[in-house]
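Residue strings, one per chain:
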Amino acid sequence: MHEAQSSGRVHKAPESFLTPMGIQTVMEEAKKGRRNFLRSAFAAASAATLAPVAHAQSNPVPQEGGDPNILNLPAHSKGLGQSVASDEGYGKPSRYESNVQRRQSPGLTQTTQASVSFAPLQSLFGIVTPSGLHFERHHQGWWDIDPSKHRLMINGMVKSAKVFTLDEIMRLPSVSRFHFIECGANTAVDWGNVAVPTVQYTHGMISCSEFTGVPLITLLEMAGADLKAGKFVLAEGADGSSMTRTIPMELIKSGEVFVAYGQNGEMLRPEQGYPLRLIVPGVQGVSWVKYLRRIELGDMPYATKDEAIHYMDLQPNGLHRQYTSIQECKSVITTPSGGQVLLDRGFYNITGLAWSGRGKVKRVDISVDGGRNWRTARLESPVLTKALTRFNLDWVWDGKPTILQSRAMDDTGFVQPTYKQLRDVRGTRSIYHNNAIQSWLVQESGEVKNVQIS
Ligand SMILES: Nc1nc2c(c(=O)[nH]1)N[C@H]1C(S)=C(S)[C@@H](COP(=O)(O)O)O[C@H]1N2
Ligand SMILES: [Mo]
């Protein structure tokens, strides 16, 4: 299996093809002359030294012990390797992985400079997005701010306004938690039935990291916040976009909302808001204010520009949904997905991601026949609240065209809707908050395509 598009090969070690079927099955398949089954398994291995295709073909029945190439010792098995990688300072991925990159969507128009880049979901494993591949959304460009000069003010309905330096914040009791962040505009282009080619572009405005920081309630208490009268805070960023968002105090009082400086074990990346960003689990990305410089406690929603003009949903009845904040339960199959090619019929591991802004993912069902029948996928651990959850399911493709779909359910019982169900409620004029079931058409040629079915 490989990808036709430039957005990254499918990464599967041969083992992951063999394990679910067992070596016995593989041997039987091979004896039946299905050498392509093996070929696709080996072709997927990334090292150039592994199993040249010609050998596998001229030798359809594996000898005892398997591929004879295992006996050809490559240079790296005989010589001295390189000195410690710390010579280069910060470690980098293998040069064979250089096609795994954030990308700008071909479907989005660019004004003065690019403001969105999408995470390569089709190339990632597990639930954590490597920091260098985290999606980006900048309303007015990103900055690498000098942390010694950065300040965070807490003001409004507090006893005395307080200004924190980064050092002062880092002395306080901290928490570390895994959460997804999804832009409210993720999957937006698909509202208009525009079939962008890959999962990177349909769903790549989501990422998941382990964030570290201080609960916002701690900082509010230190400033002597009026926790009875204070109902909402305004969060403000230090970049030129004057990003401002209203966050309800219920989320803050629960201790869920925190001011982060850490991401995946190190300081935040500049693109992600270094040195301070607000983490608002389950809530759309725009509320996760980067370069956080001010928190004001008030008693009403603020109706800021980013709440009164953007991120609202026009309903069929002509009214707008405002302050739409929770990202509802959603999932997507990341392999096989748009732009990838199945080399041959046979076994494939279907894998993907599910999430819910309301809590944990409870179940993911998968259909391999366009929604007629559903099988329950395996959820891989950990299954964490308001974090990405990885699912897997065994599948044997019979070589005929078919449609793959995933449908997630969260622990509130909410079930991810079809496009028909979503449009019945939300109409056809929405841009944001599309959590409909994604359909991937597997064509007879093996090419996988983005399609919409109701
Ligand atoms: N200060 C500031 N915060 C911001 C933004 C911004 O442009 N400036 N963009 C918001 C939007 S719309 C999203 S989706 C997320 C994107 O976060 P990321 O770039 O870390 O992926 O940050 C939010 N916070
Ligand atoms: Mo966003």
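The structure under discussion appears in the preceding block.
The rules behind the values
- Residues numbered from 1 in each chain as written.
- Chains lettered and ligands numbered in written order.
- Predicted model: local features only at pLDDT ≥ 70, side-chain atom pairs only at ≥ 80, totals over all residues.
- Heavy atoms only, no water.
- Near = heavy atom within 4 Å.
- Polar contact = N/O pair within 3.5 Å; in protein donor to acceptor, adjacent residues only side chain to side chain.
- Areas by Shrake-Rupley, 256 points an atom, 1.4 Å probe, with all protein chains shown as cover.
- Nonpolar A, V, L, I, M, F, W, Y, C, P; charged D, E, K, R; others polar.
- Buried < 20%, exposed > 50% of the residue type's maximum accessible area, 1.4 Å probe, protein only.
- Helix = DSSP H or I, 4+ residues; strand = E, 2+ residues; numbered from the N terminus.
- Pairing = 2+ DSSP bridges.
- Salt bridge = Lys/Arg side-chain N within 4 Å of Asp/Glu carboxyl O.
- Arc of directions from axis to C-beta.
- Core = buried A, V, L, I, M, F, W, Y, C linked by side-chain atoms within 4.5 Å.
- Domains from an automatic or database assignment.
- Contact = heavy atoms within 4.5 Å.
- Phe/Tyr/Trp six-rings, centres within 6.5 Å; stacked < 30°, edge-to-face > 60°.
- Lys NZ or Arg CZ within 6 Å of the ring centre and 35° of its normal.
- Axes fitted to C-alpha atoms, helices over the stretch in contact; angles between N-to-C directions.

Asker: Would you take a moment to explain the site of ligand 1 for this structure?
Answerer: Of all residues adjacent to ligand 1, which total 22 residues, the nearest are Phe135, His139, Asp239, Arg277 and Lys290. Between ligand 1 and phenylalanine 135 there is a distance of 2.6 Å, counted from an oxygen atom to a backbone nitrogen or oxygen. Here an oxygen atom of ligand 1 and a backbone polar atom of histidine 139 are 2.7 Å apart. Protein coverage of the free-state accessible area of ligand 1, which is 530 Å², stands at 100%. Of the residues assigned to the shell around ligand 1, the class counts are nine nonpolar, seven polar and six charged.

Asker: Sorry if this is basic, but what is going on with the pairing of strand β13 (residues 292–298) here?
Answerer: Remember that side chains alternate between the two faces of the sheet whenever the strand is regular. For β13, a buried count of six out of seven residues is recorded, marking the element as mostly surrounded by other parts of the structure. Taken together, the four bridges between strand β4 (residues 151–156) and β13 define a ladder with parallel strand orientation. Bridge pairing links glycine 156 to leucine 297 in β13. Where strand β8 (residues 232–237) lies against β13, six bridges are found, and the strand directions are antiparallel. For phenylalanine 232, the partnering residue across the bridge sits in β13 and is glycine 298.

Asker: Is there a simple way to think about the pattern of salt bridges in this case?
Answerer: Close approach of charged atoms allows side chains of opposite charge to pair. According to the stated counting rule, one finds 19 salt bridges in the structure shown. Residues arginine 294 and glutamate 296 are paired through a salt bridge, measuring 2.7 Å at the closest nitrogen-oxygen approach. Each member of the pair arginine 294 and glutamate 296 is classed as buried. When the shortest N-O distance is used, the salt bridge between arginine 358 and glutamate 328 registers 2.8 Å. Of this pair, arginine 358 sits in the loop between β18 (346–355) and β19 (361–367) while glutamate 328 is found in the loop between β15 (320–321) and β16 (330–335), placing the two residues 30 residues apart along the sequence. Salt bridges linked by common partners bring Glu236, Arg293, Arg294 and Glu296 together as one network.

Asker: What should I look at first to understand the sheet that holds strand β25 (residues 448–451) in this one?
Answerer: Two modes of strand pairing occur in sheets, parallel and antiparallel, and in both the strands are linked by backbone hydrogen bonds. Ordered by their spatial adjacency, five strands build an open sheet running β20-β19-β23-β24-β25, and the pairing between neighbours is antiparallel. Looking at the sheet topology across the chains shown, the edges are occupied by β20 (375–376) and β25. Here two bridges tie β19 to β20, and the two strands are oriented antiparallel to one another. When the sheet's bridge partners are listed, isoleucine 366 is paired in β20 with arginine 375.

Asker: Teacher, can you tell me more about helix α11 (residues 419–426) here?
Answerer: One turn of an α-helix holds 3.6 residues; hence residues three or four places apart share an orientation. For α11, the complete set of buried residues consists of Tyr419, Leu422 and Arg426. Across the axial projection of α11, the buried residues extend over an arc of 65 degrees, all falling on one side. Of the exposed residues in α11, those oriented more than 90 degrees away from the buried face are Asp424 and Val425. Remark: glycine 427 follows α11 within two positions and exhibits a positive phi of approximately 75 degrees.

Asker: Which parts of the structure should I look at to understand the nonpolar core?
Answerer: Among soluble globular proteins, nonpolar side chains are generally buried collectively. Counting residues in each nonpolar core, the largest one holds 84 residues, and the members touching the most others are Leu216 and Leu220. When residues in this core are grouped by element, the largest group, five residues, is from β18. Domain assignment of the residues forming this core places at least three in each of domain 1 (3–24 + 327–451) and domain 2 (103–311). Once you skip the residues sitting within four places of it in the chain, leucine 216 turns out to touch Ile154, Val233, Ile252, Val257, Phe258, Val259, Leu278 and Ile295.

Asker: Would you take a moment to explain the packing of aromatic side chains for this structure?
Answerer: Taken as a whole and assessed by the stated rule, the structure comprises five aromatic pairs. Between phenylalanine 118 and tyrosine 201, the ring centres sit 5.7 Å apart and the planes meet at 80 degrees, which makes this aromatic pair edge-to-face. Here tyrosine 201 lies in helix α7 (residues 199–203) and phenylalanine 118 lies in the loop between β2 (116–117) and β3 (136–137), a separation of 83 residues in the sequence. We classify tyrosine 201 as buried; its relative accessible area is 12%. The positively charged end of lysine 162 is found above the aromatic ring belonging to phenylalanine 164, 5.2 Å away from the centroid. Stacked on the ring of tryptophan 374, the Lys or Arg arginine 407 has its end atom at 4.1 Å from the ring centre.

Asker: What's the story with the sheet that holds β8 in this structure? I'm lost.
Answerer: Strand order in the open sheet made by the five strands is β5-β4-β13-β8-β9, with mixed pairing throughout. A single partner strand is all that each edge strand has here, and the edge strands are β5 (162–165) and β9 (244–248). Across the sheet, the mean angle from the axis of one strand to that of its neighbour is 20 degrees, orientation sign disregarded.

Asker: Help me out: how do you make sense of the side chain of histidine 138 in this one?
Answerer: Take histidine 138: it is sitting in the loop between β3 and β4. Given the relative accessible area of 6%, histidine 138 is considered buried. Ignoring anything within four residues of it in the chain, the contact list for histidine 138 reads Ser115, Glu271 and Lys290.

Asker: Would you mind showing me how to read the environment of leucine 379 here?
Answerer: Here leucine 379 is to be found in strand β21 (residues 378–379). Assessed through its relative accessible area of 27%, leucine 379 is described here as partly exposed. Each C-alpha atom, one on leucine 379 and one on asparagine 392, is 6.7 Å from the other, the two residues being 13 residues apart in sequence. Residues contacting leucine 379, with those up to four places away along its chain left out, are Val361, Lys362, Arg363, Val364, Thr389, Arg390 and Phe391.

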